[in-house]
Amino acid sequence: MQRPIRVLVAKPGLDGHDRGAKVIARAFRDAGMEVIYTGLRQTPEQIVAAAIQEDVEVVAVSILSGAHSTLLPRIKELLKEENADDMLFVAGGVIPDDDIAFLKEKGVAAVFTPGTPTTLAVEFIREHVKR
Amino acid sequence: MDRGKRWRERRRIAKMITAVENALPGHEQILQEIYKKTGNAYVIGITGPPGAGKSSLTDALARGYIEKGLRVGVIAIDPTSPFSGGSILGDRIRMNELSTHPQMFIRSMGTRGQLGGLSAATHSAVMILDACGADVLFIETVGVGQSEIEIVKLADTVLMVMVPGLGDDIQAMKAGIMEIGDVFAVNKKDLPGADKTKIELEAMLSFLPPREWRPPVCMVSAMYKEGLEELEVAISEHRKFQADHGRLEQRRMRNAQEALLAILRDKMVLRVKSDDRYEELLQRMMEKTIDPYEAARQLMEGLDSCSED
Ligand SMILES: Nc1nc2c(ncn2[C@@H]2O[C@H](COP(=O)(O)OP(=O)(O)O)[C@@H](O)[C@H]2O)c(=O)[nH]1
Ligand SMILES: [Mg+2]
């Protein structure tokens, strides 16, 4: 049996609900992935510590708070510091088009905005995960 | 290399666990290398119904051990969906604050059909964290199935977590499950009915065959951090009881035996299946021209003659 892709799903930032993160976690599970779900209000440090300990292949963060242009590059930076740069790093949430190019430059492999079908995120991960 | 130094190599530990969990190439060498360094961690199995507060309680107890300067490992196991093969492992939600603590290492595992079985994969992960410096190790499982019971048998002390309001569920848990608890915790003592649950539990425990160790029932609240010291004392007392009665040695001997037998089983099955006569003998069994005992005997003969590698 092929081992399942391991994905960390986290929700950084201070805003209080994680509906989006839960939807994506379920979609990944239903696609046969092993999702490590860490819940709300994660600091970049907590996200990266969890990613390392869990040895995930994908770090997926859901973000609503508008702080994406500081939080996401920070997570990428910490992953680099831990030599975990090989982990696929994707983000989802309300992110203005203008910021997407900047985030990609900072190492976010893909940005999924609201309305993107979850199947697209699943496909992207399957295609880009390194084995 | 000292245990503290190995413990700091988080990425390496995590990768080793991935390798043994998935039986990746090289996993046997990993276990061979670390085996002699195992045996220092005290293993606490924590089980009980979903939502009882096992993860919250693990977090609360872990804080106590960390304050004492100990290194704490957690292996949290959640069920894999039999339909998609996927899972959502959510135990870290209750342990987020500790996840960055240098004395803490948390790893989630799905119950997916690991090669060699879940308890073998869990045992391997336990050995890795143990060899890499853990002083205390928690294994969290949902107390339902047989494979979970197998897992908690790896533990030196089994902590069963109950909560008020389970109603008949507590009765249902009785069969075969109550016996494995060494220490009981009634969590959520802040909720109504906790006293009643404790009384019911104690009544039920009194019906078990008498043993030298009488499992204590502690009232706790993981959320409000109440009763935790008493619980920790109960765990230490069980540890001491076992050490005084040679029980730790017994448990560890049984673990050693299970590990050895599991490897033998796997290797023999692999070897036998690669024998040309395997399919042929199966076919003959279908035709009833041979019985399974005779087929097994012939395949065992094959094992003797190719035992050089
Ligand atoms: N009222 C109350 N709720 C608690 C307590 N401990 C845990 N909980 C809650 O019970 C729920 C399940 O907790 P969790 O630790 O995830 O349970 P597990 O499934 O057994 O690991 C969560 O919402 C916790 O916040 C407690 O002592 N009192
Ligand atoms: Mg849990």
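In the block above lies the structure referred to throughout.
Residues numbered from 1 in each chain as written. Chains lettered and ligands numbered in written order. Predicted model: local features only at pLDDT ≥ 70, side-chain atom pairs only at ≥ 80, totals over all residues. Heavy atoms only, no water.

## A few points about the sheet that holds strand β6 (residues 157–162) of chain B
All names here are of chain B. Taken in spatial order, the seven strands of this open sheet run β4-β2-β5-β1-β6-β7-β8, and their pairing is parallel. Each edge of the sheet is formed by a strand with only one pairing partner; in this case those strands are β4 (104–110) and β8 (217–219). When the angles between neighbouring strand axes are averaged without regard to direction, this sheet yields 20°. Note that β6 and strand β7 (residues 183–186) share four bridges and pair parallel. (Pairing = 2+ DSSP bridges. Helix = DSSP H or I, 4+ residues; strand = E, 2+ residues; numbered from the N terminus. Axes fitted to C-alpha atoms, helices over the stretch in contact; angles between N-to-C directions.)

## Overview of a nonpolar patch on the surface
Residues and elements named next belong to chain B. A surface patch of nonpolar side chains, amounting to about 440 Å² of accessible area, comprises L260, L261, L264, M268 and M300. Ranked by residues supplied to the nonpolar patch, first place goes to helix α10 (residues 247–273) with four residues. Relative to the assigned elements, L260 resides in helix α10. (Patch = residues over 30% accessible without salt bridge, like charges linked within 9 Å, V, L, I, M, F, W, Y side chains within 5 Å. Areas by Shrake-Rupley, 256 points an atom, 1.4 Å probe, with all protein chains shown as cover. Salt bridge = Lys/Arg side-chain N within 4 Å of Asp/Glu carboxyl O.)

## Observations concerning the packing of aromatic side chains
Residues and elements named next belong to chain B. A complete count under the given rule lists four aromatic pairs over all chains for this structure. With a centroid separation of 6.3 Å and 65° between ring planes, the pair formed by W7 and F105 is classed as edge-to-face. Taken together, the residues W7 in helix α1 (residues 3–8) and F105 in strand β4 connect sequence positions 98 residues apart. Owing to a relative accessible area of 2%, W7 belongs among the buried residues under this scheme. Accessibility expressed as a relative area gives 0% for F105, which makes it buried. Each ring, one from Y65 and one from F138, has its centre 6.2 Å from the other, and the planes form 50°; the classification is tilted. Residue Y65 is found in helix α4 (residues 54–67), and its partner F138 is found in strand β5 (residues 136–142); the two are separated by 73 residues along the sequence. Y65 sits in the buried class, given a relative accessible area of 8%. (Phe/Tyr/Trp six-rings, centres within 6.5 Å; stacked < 30°, edge-to-face > 60°. Buried < 20%, exposed > 50% of the residue type's maximum accessible area, 1.4 Å probe, protein only.)

## Concerning the packing of helix α2 (residues 10–21) of chain B against helix α3 (residues 27–34) of chain B
Residues and elements named next belong to chain B. Direction vectors running N to C along α2 and α3 enclose 120°, while the axes themselves pass 8 Å from each other. Accordingly, the angle class assigned to the pair α2 and α3 is oblique. In this structure, α2 crosses over α3, and the sense of that crossing is left-handed. Contacts from M16, A19 and V20 of α2 reach α3 at H27, I30 and L31. Across the contact of α2 with α3, the residue classes tally to five nonpolar, one polar and no charged. (Parallel < 35°, antiparallel > 145°, perpendicular 65-115°, else oblique. Left-handed = near helix turned anticlockwise from the far one by under 90°. Contact = heavy atoms within 4.5 Å. Nonpolar A, V, L, I, M, F, W, Y, C, P; charged D, E, K, R; others polar.)

## Looking at unusual backbone geometry
In the Ramachandran plot, R41 of chain A falls in the positive-phi region, its phi being about 55° despite a non-glycine side chain. Its location among the elements puts R41 of chain A in the loop between β2 (34–37) and α2 (44–54). Even without being glycine, K188 of chain B reaches a positive phi, approximately 65°. Mapped onto the elements of the fold, K188 of chain B is located in the loop between β7 and α8 (194–206). Assessed through its relative accessible area of 29%, K188 of chain B is described here as partly exposed.

## A short note on the side chain of E57 of chain A
Residue and element names in this part refer to chain A. Inspection of the secondary structure assignment puts E57 in the loop between α2 and β3 (58–63). At 2.7 Å, the side chain of E57 forms a polar contact with the side chain of R131. Apart from residues no more than four positions distant in its own chain, E57 is found in contact with R3, P4, I5, R6, M87, L88, V129, K130 and R131. (Polar contact = N/O pair within 3.5 Å; in protein donor to acceptor, adjacent residues only side chain to side chain.)

## A short note on the site of ligand 1
Residues and elements named next belong to chain B. Around ligand 1, the structure places 17 residues, and the nearest of them are G51, K54, S56, R94 and D190. Measuring from an oxygen atom of ligand 1, one finds a side-chain N or O atom of R94 at 2.7 Å. Separating an oxygen atom of ligand 1 from a side-chain N or O atom of K188 is a distance of 2.9 Å. Alone, ligand 1 offers 590 Å² of accessible surface; in the complex the protein occludes 79% of this. Take the shell around ligand 1: its biggest share by element is three residues, from α4. (Near = heavy atom within 4 Å.)

## Re the coordination of the magnesium ion (ligand 2)
Ideal coordination angles are 109.5 degrees for a metal with four donors arranged tetrahedrally and 90 or 180 degrees for a metal with six donors arranged octahedrally. Residue and element names in this part refer to chain B. Coordination sphere of the magnesium ion (ligand 2), protein contribution only: S55 (OG), D91 (OD) and E140 (OE), at 2.1 to 2.2 Å. One chain supplies every donor for the magnesium ion (ligand 2), spaced along it as S-x35-D-x48-E. Taken as a pair, D91 in the loop between β3 (87–89) and β4 and E140 in strand β5 lie far apart in primary sequence, 49 residues in all. Accessibility classification places D91 together with E140 in one group, the buried group. (Donors = N, O, S within 2.8 Å, 3.2 Å for Na, K, Ca; no water.)

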